[in-house]
2 protein chains.
Amino acid sequence: MVEQVPEDDELDEVFRALAHPIRRAILEQLASGPKSVSELAEPHDVSLAAVSKHLHVLVDAGLVEIEKDGRVRRCHLDAVPLSAAFGWLTQYRVFWEDRLAALAKLLETEDQ
Amino acid sequence: MVEQVPEDDELDEVFRALAHPIRRAILEQLASGPKSVSELAEPHDVSLAAVSKHLHVLVDAGLVEIEKDGRVRRCHLDAVPLSAAFGWLTQYRVFWEDRLAALAKLLETEDQ
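Residues numbered from 1 in each chain as written. Chains lettered and ligands numbered in written order. Predicted model: local features only at pLDDT ≥ 70, side-chain atom pairs only at ≥ 80, totals over all residues. Heavy atoms only, no water.

Colleague: Mind showing me how you'd approach the overall build of chain A here?
Modeller: A count of helical and extended segments in chain A gives six helices and three strands. Listing each helix as α and each strand as β along chain A from the N terminus yields α-α-β-α-α-β-β-α-α. Projected onto its principal axes, the C-alpha positions of chain A cover 65 × 35 × 20 Å. Relative to its 112 residues, chain A shows a buried fraction of 42%. Accessible area of chain A: about 6,400 Å², with a carbon and sulfur share of 50%. (Helix = DSSP H or I, 4+ residues; strand = E, 2+ residues; numbered from the N terminus. Buried < 20%, exposed > 50% of the residue type's maximum accessible area, 1.4 Å probe, protein only. Areas by Shrake-Rupley, 256 points an atom, 1.4 Å probe, with all protein chains shown as cover.)

Right, dumping it as structure tokens:
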């Protein structure tokens, strides 16, 4: 397995890119395969220019690659930078699991 | 286990909170136990006001709780909102693992 050693800047860009529902939705759309910019824009109630702006934030974070195919720009998902974000979050897993387990226990005690 | 169903707004705030190295560093400092605001500020080369601003972004995302203890404000980590971000990222694990495996294979072939 290739090891990913995330840089601070890389994490900043990935987390920033994920901090908007339209950008997360675009990644979800691309998970089922490459799409053109207009296909990506179709379900969103914003202008093509706004979608294009979001796409460029995703491109800057390395999460989307845009390839020219004649007059059409095809967008592809590159999920690799997400592994750095996932790795960073993994350090805290024990903390939220402990807290959620304590909350569950509290709810159980209250139910009795 | 208590199920976390993340709202879009919650994910926006958590990802936004994580998109700065000082905010991620503050969470790392709090992972070893509660700290006062000045203890948190100490290793950072920015003003106390700047640290306080970052802290409030973390509080808004539900990642830090500030408790008044006399004249001291003690900050505690609450990692639970990170589980929503982790859950969202998990959907993409197969994509980055496939891509990283393909890259590793390519490097192996090139080495031969």
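Colleague: Would you mind going over the relation of the copies chain B and chain A with me for this structure?
Modeller: Put simply, the two copies of the chain differ by a rotation about an axis and a shift along that axis. When chain B is brought onto chain A, the operation consists of a screw motion whose angular component is 180° and whose axial shift is 0.0 Å, with 0.0 Å RMSD remaining. Each copy turns onto its partner about a two-fold axis. A share of 100% of interface residues in chain B that are also interface residues in chain A marks the association as one of identical surfaces. (Least-squares fit on C-alpha atoms with pLDDT ≥ 70 in both. Contact = heavy atoms within 4.5 Å.)

Colleague: When you look at the interface of chain B and chain A in this model, what are you seeing that I'm missing?
Modeller: Bring the parts together and some accessible area is lost; that lost area is often taken as the interface size. If you look at the interface, chain B gives 37 residues, while chain A gives 38 residues. Counting the surface lost from both chain B and chain A, the interface buries some 3,600 Å², and carbon and sulfur atoms represent 74% of this. Of all residues in chain B, Arg24, Phe86 and Trp96 of chain B bury the most surface against chain A, accounting for 18% of the area lost on that side. One can count eight salt bridges joining chain B with chain A. With its nearest N and O atoms 3.3 Å apart, the salt bridge here joins Glu65 of chain B to Arg99 of chain A. Taken together, chain B and chain A are joined by 10 residue pairs in polar contact (both at pLDDT 80 or more). When contributions to the side of chain B that touches chain A are tallied by element, the ones reaching two or more residues are helix 1 (8-18), helix 2 (21-31), helix 5 (80-90) and helix 6 (93-111) of chain B. Considering each element in turn, the side of chain B that touches chain A owes the most residues, eight residues, to helix 5 of chain B. (Buried area = accessible area lost by both parts, 1.4 Å probe. Salt bridge = Lys/Arg side-chain N within 4 Å of Asp/Glu carboxyl O. Polar contact = N/O pair within 3.5 Å; in protein donor to acceptor, adjacent residues only side chain to side chain.)

Colleague: What is the right way to look at the sheet that holds strand 1 (residues 35-36) of chain B in this model?
Modeller: Strand pairing in a sheet relies on backbone hydrogen bonds. The paired strands run either parallel or antiparallel. Residues and elements named next belong to chain B. What the three strands build is an open sheet, ordered 1-3-2; its pairing is antiparallel. The open sheet terminates on both sides in strands that have one partner only, identified here as strand 1 and strand 2 (64-69). Sheet topology note: the strand 1/strand 3 (residues 72-77) ladder contains two bridges and is antiparallel. In the strand pairing of strand 3, Ser36 is matched with Arg74. Across the sheet, helix 4 (residues 48-60) touches strand 2 and strand 3, and the angle it forms with strand 2 is around 115°. (Pairing = 2+ DSSP bridges. Axes fitted to C-alpha atoms, helices over the stretch in contact; angles between N-to-C directions.)

Colleague: Before we go on, may I ask you to explain the pairing of strand 2 of chain B in this structure?
Modeller: A regular strand carries its side chains on alternate faces of the sheet. All names here are of chain B. Here strand 2 pairs with strand 3 via six bridges, running antiparallel. Paired with Glu67 across the two strands is Arg74, which belongs to strand 3. A loop of two residues connects strand 2 with strand 3, the two strands running antiparallel in sequence, and Gly70 in this loop sits at a positive phi of about 65°.

Colleague: Sorry if this is basic, but what is going on with the sheet that holds strand 2 (residues 64-69) of chain A here?
Modeller: Residues and elements named next belong to chain A. With antiparallel pairing, the three strands of this open sheet are ordered in space as 1-3-2. Each of the sheet's edge strands pairs with one partner strand only, and the pair in question is strand 1 (35-36) and strand 2. Those strands touched by helix 2 (residues 21-31) are strand 1, strand 2 and strand 3 (72-77), and its axis lies near 95° from that of strand 3. The strands touched by helix 4 (residues 48-60) within the sheet are strand 2 and strand 3, with strand 2 carrying the most contacts at an inclination of about 115°.

Colleague: In this structure, what is going on with the pattern of salt bridges? I would like to understand it.
Modeller: Any two side chains of opposite charge can pair if their charged atoms end up close together. With the rule as written, the count across this model stands at 12 salt bridges over all chains. Between Asp78 of chain B and Arg99 of chain A there is a salt bridge, with the nearest N and O atoms lying 3.6 Å from each other. Within this pair, whereas Asp78 of chain B is found in the loop between strand 3 and helix 5, its partner Arg99 of chain A is found in helix 6 (residues 93-111), the two belonging to separate chains. We classify Asp78 of chain B as buried; its relative accessible area is 10%.

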